[in-house]
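A structural walkthrough
Residue strings, one per chain:
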Protein chains: 2
Amino acid sequence: MKLATLKNATRDGTLVLVSRDLKRALAVPDIAATLQGALDNWAQLSPRLAELAAALEAGPVAGEFAFDEAACASPLPRAYQWADGSAYLNHVELVRRARGAEMPASFYTDPLMYQGGSDSFIGPREAIRAASEDWGIDFEAEVAVVTGDVAMGADVAACASAIRLIMLVNDVSLRNLIPGELAKGFGFFQSKPASSFSPVAVTPDELGEAWQDSKLHLPLQVSLNGQAFGHPNAGVDMVFSFARLVAHVAKTRDLAAGSIIGSGTVSNKQGSLNGAKVEHGGVGFCCLAEVRMLETIEQGAPATPFMRFGDSVEIRMHDSAGHSIFGSIINRVEQAE
Amino acid sequence: MKLATLKNATRDGTLVLVSRDLKRALAVPDIAATLQGALDNWAQLSPRLAELAAALEAGPVAGEFAFDEAACASPLPRAYQWADGSAYLNHVELVRRARGAEMPASFYTDPLMYQGGSDSFIGPREAIRAASEDWGIDFEAEVAVVTGDVAMGADVAACASAIRLIMLVNDVSLRNLIPGELAKGFGFFQSKPASSFSPVAVTPDELGEAWQDSKLHLPLQVSLNGQAFGHPNAGVDMVFSFARLVAHVAKTRDLAAGSIIGSGTVSNKQGSLNGAKVEHGGVGFCCLAEVRMLETIEQGAPATPFMRFGDSVEIRMHDSAGHSIFGSIINRVEQAE
């Protein structure tokens, strides 16, 4: 089952079912007006949604219309929780190596996570607004899951079965604000502005064999200004599965339905800087910071600039037949007034 | 205007107006079913709520019933944002002094804030559930505001006028999990379980002269197991006003209506450990950590234990006539199954 939220005059948009090929959509007001509404009562409503999704897939249904990714809000335009992990430790290792710091052994057993702002996400085709390029505007291409209710202390198996939906995310980061914030000791805040999510969120069964052990085993495609920038496999080098990340969040508190949990920047272990670049046959990168870290490690200083006003990033994922699963996130950077 | 949310079968409860003396209540389903619903459309709905609130205050109205603080959920049982500051720098100074660290000069000009989990708050009379007393269970008595929409980059005056409601909060903290989490560099996560808020939230005008310069100038009353533990004035030693905290949050992103912004533990500058204690004429403390820090500074080690299963904390605030403004938060610590 594929789900999306179309923008309307309300803050939560209109929930629609989307055909597997992302071409047709159907609103489901008799079942749930919004995605949060569906998640709030998933056990009761999801069988009815699945039934309609099957009918939509089978052929024309009354009320269906052409699906337009550009008309979408993030599947949850606002959410009650957005917590992001750093499950691809290669990324964290590079961050550390670039500043000459050791990687603490505990990082391999205890997930690094932060609580993000979730009150107003930008849409998958909306602009990243920033007051200044000096903020060091970067994208982070990630996978994220949406959970049902999870009880405090739930084990990894229970957390795995609480994963309701999967989607992609651009976790926008303001790199030049990060050192000052982390030095204060309380973690990210202003350095993590509003994220955006893929037009479509899908249930785990929709991913078939690509969804294994609470990981998504497909390449994540990233383009910068229309040029291929990365296609690391999201199932490779993910040290903590989504179930493990959810269990980390639930250790000391209940999680409510509609909580979004992110993987952190997808990052595959590679050789040298040059070998890692897409144009040299590598799998490339899911954020600018990573290529800048490799430049720092190998050349003494970063050379690749962060995003400038007018730059645009696209994030998408194809199934084994080459079809887009989630639609594309395309965010262009604009100067805020 | 005083507002509360009664528990019902839904996740968001029922919005009610509450009389100034906290004795009578009135549901307002024709205006807004939930507090978030009212906040989503505040400009249009708040005049109608104010009109009904005035009628409730004036005398018996059809449909009114006895208000029961114990039947309340937190005013927003779940919220799209909960961001907490550390506006009372005396608290931060003590944290630093207790571990022999300097206070960075920037702390006096740049607020320290963290993003908290907001997907499922506990109710004002519900238990703090913890798996182990070894987590170092502590309360933090604070004041919090609920905002309307705030545009990215809004100035302090615009942020001041976006404050819709004021309430009290118990920002539950698991002190023994904090050092490990802060050492990881990404801030609090498991160390900040679900918070609880006062039964009643009030509009700024309800506070009269006690609401000045986006600060609440009244003593915050804290009792531990029925004994007075603190009554520092929330208007004293608050280095950053709520408007200033909201502006900090809005620097790089829009804030959506219903965002909750906390003050951090209320803390007044005092003399010695003994002088600070309520039983010695001091204004006492709003968390156990603070008395433990003074014990560490003066005696070399903390002596006061954190909360144990069965312990209970009460947080409330009285107006100048001695009447409770927000009702009481009363949270008892229980062992999670």
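These numbers come from a predicted model, not from an experiment.

Looking now at the environment of valine 172 of chain B. Residue and element names in this part refer to chain B. For valine 172, the position within the fold is in the loop between strand S11 (163-170) and strand S12 (173-174). Assessed through its relative accessible area of 0%, valine 172 is described here as buried. Separated by 35 residues in sequence, valine 172 and isoleucine 137 place their C-alpha atoms 7.3 Å apart. Sequence-distant contacts of valine 172, defined by excluding residues within four places in its chain, comprise Ile128, Asp138, Ser191, Lys192, Pro193, Ala194 and Ser195.

Our focus in this paragraph is the confidence of the model for chain A. Any region with low pLDDT has predicted coordinates that should not be read closely. Per-residue confidence for chain A gives a mean pLDDT of 96; residues scoring 70 or more make up 100%. Overall fold confidence for the complex sits at a pTM of 0.98, while the interface term, ipTM, reaches 0.97.

On to the pairing of strand S7 (residues 113-116) of chain B, then. Residues and elements named next belong to chain B. Here S7 shows no split at all, with Met113 and Gln115 on one side and Tyr114 and Gly116 on the other all buried. As paired strands, strand S6 (residues 81-85) and S7 are joined by four bridges and run antiparallel to one another. Along S7, the bridge assignment pairs alanine 83 with glutamine 115.

Per the UniProt annotation, the sites labelled "domain: Fumarylacetoacetase-like C-terminal" (unreviewed entry) are residues 82-333 of chain A. Segment residues 82-333 of chain A splits into 19% helix and 25% strand. End C-alpha atoms: 22 Å apart.

This paragraph deals with the side chain of aspartate 171 of chain A. Among the secondary structure elements, aspartate 171 of chain A is positioned in the loop between strand S11 (163-170) and strand S12 (173-174). Discounting residues that sit within four places of it in the chain, aspartate 171 of chain A has contacts with Trp82, Asp84, Tyr114, Asp138, Phe139, Glu140, Glu142, Lys192 and Ser195 of chain A.

Right, let's get into the UniProt feature "domain: Fumarylacetoacetase N-terminal" (unreviewed entry) in chain A. Sites flagged by UniProt as "domain: Fumarylacetoacetase N-terminal" (unreviewed entry) map to residues 1-78 of chain A. Summarising residues 1-78 of chain A: 29% helix, 23% strand, and an end-to-end C-alpha distance of 21 Å.

Turning next to unusual backbone geometry. All names here are of chain B. Backbone geometry at asparagine 225 places phi at a positive 50°, although glycine is not the residue there. Position of asparagine 225 relative to the elements: it lies in the loop between strand S17 (220-224) and strand S18 (227-230). Positive phi, close to 65°, is recorded for aspartate 237, a residue that is not glycine.

So, about the domain arrangement of chain A. All names here are of chain A. Taken domain by domain, chain A holds domain 1 (2-67) and domain 2 (82-335). Computed from C-alpha atoms alone, the centre-to-centre distance between domain 1 and domain 2 is 27 Å. Across the contact, 14 residues belong to domain 1 and 16 residues belong to domain 2. On inspection of domain 1 and its partner domain 2, the count reaches two salt bridges. Here glutamate 126 and lysine 7 are joined by a salt bridge, their closest N and O atoms 2.5 Å apart. Within the residue set of the side of domain 1 that touches domain 2, elements represented by two or more residues are strand S1 (2-6) and helix H1 (35-40).

Rules of the game
- Residues numbered from 1 in each chain as written.
- Chains lettered and ligands numbered in written order.
- Predicted model: local features only at pLDDT ≥ 70, side-chain atom pairs only at ≥ 80, totals over all residues.
- Heavy atoms only, no water.
- Helix = DSSP H or I, 4+ residues; strand = E, 2+ residues; numbered from the N terminus.
- Buried < 20%, exposed > 50% of the residue type's maximum accessible area, 1.4 Å probe, protein only.
- Contact = heavy atoms within 4.5 Å.
- pLDDT = per-residue confidence, 0-100.
- Pairing = 2+ DSSP bridges.
- UniProt positions renumbered as here; feature names shortened; annotations may be inferred.
- Domains from an automatic or database assignment.
- Salt bridge = Lys/Arg side-chain N within 4 Å of Asp/Glu carboxyl O.

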